[in-house]
Amino acid sequence: MELRQLGATDVKVSPVIFGAWAIGGWMWGGSEESDSIAAIHASLDEGINTIDTAAIYGMGYSEELVAKAIKGRRDKVVIATKCGMRWTGEEGVEPWKQKDNEGRELTIRKNAKPDSIEYECEQSLKRLGVETIDLYQIHWPDSSTPGEESIGAMEKLRKAGKIRAIGVSNYDAMFLARAANVATIASNQPPYSIIQRKIEAETLPFARSHNIGTICYSPMERGLLTGKVTMDRKFPAGDHRAEHKFFAPESRRRVLDSLEQIKPIAEKHGASLAQLIINWTTVQPGITAAIVGARDADQARQNAQSLRFTLSDAEVQQIRQAFDQTSRTLMSL
């Protein structure tokens, strides 16, 4: 798999990145450790070189799983993780009541204060079992902390050799501009899919013009775009999709109708609908890579093989048009 350079840094990532949120269990109804590790191994074997995780995914559990999976393979893996969502302490804003994987109640807060970032980095380094994090990202802007202070703390970590590159997540064009005035920003990680295209208006053009990579999350809209979320699909306890507006019956129906329109393109290339959507996402202007999760080795292999075919310009446009109305409807909900 041909690697892509991340902004102005020397970090190179695969255009398909293994997303480690679901394997952390939290908000996804749990996971089997052996399956999760097998999924990461299969991804690496298929040429995916980057794993994206976060401290908050399973309250550290996802990072611990990644550490187990990359043991003996550290030199072949780009590790991207995130800070800025604390489930301990009282500092931070936008308190969010949640439960951990054991069902214990806790409160999550956005906290990108310099001292907290430094603390979180040390904890992630320990959980991951590494000396340096390749891409360290602020998970969300923290309205109680000047962004310049947060990025300054990240730059301090970079100069200390704790991290190789600075990334941000869920930043808009304004936040990106402020961040870029403090340090070199390797990448932004916003939500983006054929349904959710908001970043095409301002955030993506700004990143492109300032040589900031864009690593998009939720390109498959939590599995909705695979075609496997049929009208009768049920989600287990603890799976957040049961309450998500995109998974309401009327939303599912619209998505399934749009997917039906692009089936001939998938069949032409001998690809699944999921592979077609992943491929489409990675060829959009300004998209450096797409984060895709996998629960087991087979899913991971399928994801990695999404780029074995080339879409024509006409096909790229046909796929976009098939979802135009669906996108407008779902984003207005």
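Residues numbered from 1 in each chain as written. Predicted model: local features only at pLDDT ≥ 70, side-chain atom pairs only at ≥ 80, totals over all residues. Heavy atoms only, no water.

**Student:** Could you clarify how one ought to interpret the nonpolar core in this entry?
**Tutor:** Soluble globular proteins tend to pack their nonpolar side chains together in the buried interior. Judged by nonpolar contacts, the single largest core of 82 residues is most densely connected at Phe 18, Ile 117, Tyr 136, Ile 195, Ile 262 and Phe 323. Among the elements that take part in this core, helix H8 (residues 273–282) stands out by supplying six residues, more than any other. Those residues in contact with Phe 18 that sit more than four places away from it in its chain are Ile 23, Ala 39, Ile 40, Ser 43, Ile 48, Thr 50, Ile 51, Asp 52, Ile 291, Val 292 and Ala 294. Counting 13 residues, the second-largest nonpolar core is a separate cluster that includes Ala 80, Ile 215, Tyr 217 and Ile 291. (Core = buried A, V, L, I, M, F, W, Y, C linked by side-chain atoms within 4.5 Å. Buried < 20%, exposed > 50% of the residue type's maximum accessible area, 1.4 Å probe, protein only. Helix = DSSP H or I, 4+ residues; strand = E, 2+ residues; numbered from the N terminus. Contact = heavy atoms within 4.5 Å.)

**Student:** What is the right way to look at the pattern of salt bridges in this model?
**Tutor:** For side chains bearing opposite charge, pairing can occur when the charged atoms are close. For the structure on display, the rule yields 22 salt bridges. When the shortest N-O distance is used, the salt bridge between Asp 134 and Arg 74 registers 3.1 Å. On the criterion of sequence distance, the pair formed by Asp 134 in strand E9 (residues 133–138) and Arg 74 in the loop between helix H2 (61–70) and strand E5 (78–83) is long-range, its members being 60 residues apart. Overall, Arg 74 belongs to the partly exposed group, its relative accessible area being 27%. Across the pair Lys 268 and Glu 315 runs a salt bridge whose closest N-O atoms are separated by 2.9 Å. Here Lys 268, found in helix H7 (residues 249–268), pairs with Glu 315, found in helix H10 (residues 313–322); they are 47 residues apart in sequence, far enough to count as distant. Given the relative accessible area of 60%, Lys 268 is considered exposed. The class for Glu 315 is buried, based on a relative accessible area of 5%. Linked through salt bridges whose partners overlap, the residues forming this network are Asp 10, Arg 74, Asp 134 and Arg 164. (Salt bridge = Lys/Arg side-chain N within 4 Å of Asp/Glu carboxyl O.)

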